[in-house]
Amino acid sequence: MHGSEAPSAWVRRWSHLVPTGGSVLDVACGQGRHLRWFAQRGHPVTGVDRSPEAIAAVQPLGRAVLADIENGPWPFDGERFDAVVVTNYLWRALLPRIVDSVAEGGLLLYETFAAGNESVGKPSRPDFLLQPGELLQASQGLHVVAYEDGFCDRPERFVQRLAAVRKRPGTPVPPPRYPLDATG
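What this report covers is the structure whose coordinates are included nearby. Bear in mind that the values here come from a model prediction, so they are computed numbers and not experimental data.

1. Details of the overall build of the chain
- Each helix and strand counted, the chain has five helices and seven strands in total.
- Put simply, the chain runs from its N terminus to its C terminus through helices and strands in the order α-β-α-β-α-β-β-α-β-α-β-β.
- Expressed as a percentage of its 184 residues, the buried residues of the chain come to 47%.
- Intrachain contacts of the chain at a sequence separation of at least 6 include 55% that bridge at least 24 residues.
- Counting every atom, the chain has about 9100 Å² of accessible surface; 53% of that belongs to carbon and sulfur.

Below, the structure written as structure tokens:
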């Protein structure tokens, strides 16, 4: 079932930037692969998905919110998280809310399909493919630690990936612990 596979290498690679014990929101969490990853590392986790089956699967891990975030209200108004994780999901109208949900000192980890993916598989509709630089544009106001836009194999896909922090005023961003060419 989708979402039951191993955590994304991108999420694993940059998860060390989440403050120790910091809260994590997984948007469109599916079966909870990233919720499990962070819960096993001592983070309080919140997952949101529109699938009752997905929410039932992640409920033992932490807070599980059943919500249709594309057609209903954003269930986290006024809440901030030390990390917000989004993988394989794009609903452009939510990008500002997702970015706004990152707390000061917190991290946004985003990885989803990009233009070009229509040449190798699904999703292929432009509605579900980021355009060049679109993720960078959406995350203005955050400090970008890492960004990739290109082709991946195994499985073949075009993706954009971002790791960005919301700086606390007067606080430097911690340097990455991995070389920039690490494969995660």
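Resuming the write-up.
2. Observations concerning the pairing of strand β1 (residues 24–27)
- Of the two faces of β1, the one holding V24 and D26 and the one holding L25 and V27 are both buried throughout.
- Where β1 lies against strand β2 (residues 45–49), four bridges are found, and the strand directions are parallel. Paired with L25 across the strands is T46, a residue of β2.
- In this structure, β1 lies alongside strand β4 (residues 81–87), joined through four bridges in parallel fashion. Residue pairing across strands places V24 opposite A83, the latter belonging to β4.

3. Brief notes about unusual backbone geometry
- One non-glycine residue with positive phi stands out, namely A28, at about 55 degrees.
- For A28, the location among the structural elements is in the loop between β1 and α2 (33–39).
- For A28, a relative accessible area of 24% corresponds to the partly exposed category.
- The backbone of N88 shows a phi angle near 55 degrees, a positive value even though the residue is not glycine.
- Residue placement: N88 occurs in the loop between β4 and α4 (95–100).
- Taking the relative accessible area as the measure of exposure, N88 reaches 34% and is therefore partly exposed.

4. Focus: the packing of aromatic side chains
- For the structure shown, the criterion picks out three aromatic pairs.
- Consider the rings of F76 and F81, whose centres lie 5.6 Å apart with planes at 90 degrees: the pair is edge-to-face.
- Accessibility expressed as a relative area gives 3% for F81, which makes it buried.
- In textbook terms, an aromatic cluster arises when at least three aromatic residues are bridged by ring pairs, as seen for W74, F76 and F81.
- For R41, the ring lying beneath its charged end belongs to W37, and the centroid distance is 3.2 Å.

5. Regarding the sheet that holds β4
- Read from one edge to the other, the open sheet built from seven strands follows the order β3-β2-β1-β4-β5-β7-β6, with strand pairing classed as mixed. With partners counted over all chains shown, the strands left at the sheet margins are β3 (63–66) and β6 (143–152), one partner each. Adjacent strand axes in the sheet meet at a mean angle of 10 degrees when their direction is disregarded.
- Here strand β5 (residues 102–113) pairs with strand β7 (residues 157–165) via seven bridges, running antiparallel. Across the sheet, residue T112 finds its bridge partner in β7, namely Q160.

6. Digging into the pairing of β7
- The element β7 is extensively covered by neighbouring structure, given that eight of its nine residues are classed as buried.
- Strand direction decides the pairing type here: β6 and β7, joined by nine bridges, are antiparallel. Residue C152 lies in a different strand from β7, and its bridge partner there is R157.

7. Things to note about the pattern of salt bridges
- Summed over the entire model, instances satisfying the criterion amount to nine salt bridges.
- Notably, a salt bridge pairs E70 with R50, separated by 3.8 Å at the nearest N-O pair. Remark: R50 occurs in the loop between β2 and α3 (52–58) and E70 occurs in the loop between β3 and β4; sequence separation between them is 20 residues.
- The salt bridge involving R80 is made with D100; its shortest N-O contact spans 3.1 Å. Of the two residues, R80 sits in the loop between β3 and β4 while D100 sits in helix α4, which places them 20 residues apart along the sequence.
- Within the structure, one salt-bridge network assembled from shared partners comprises R13, E111, E148 and R161.

About the criteria used
Residues numbered from 1 in each chain as written. Predicted model: local features only at pLDDT ≥ 70, side-chain atom pairs only at ≥ 80, totals over all residues. Heavy atoms only, no water. Helix = DSSP H or I, 4+ residues; strand = E, 2+ residues; numbered from the N terminus. Buried < 20%, exposed > 50% of the residue type's maximum accessible area, 1.4 Å probe, protein only. Contact = heavy atoms within 4.5 Å. Areas by Shrake-Rupley, 256 points an atom, 1.4 Å probe, with all protein chains shown as cover. Pairing = 2+ DSSP bridges. Phe/Tyr/Trp six-rings, centres within 6.5 Å; stacked < 30°, edge-to-face > 60°. Lys NZ or Arg CZ within 6 Å of the ring centre and 35° of its normal. Axes fitted to C-alpha atoms, helices over the stretch in contact; angles between N-to-C directions. Salt bridge = Lys/Arg side-chain N within 4 Å of Asp/Glu carboxyl O.

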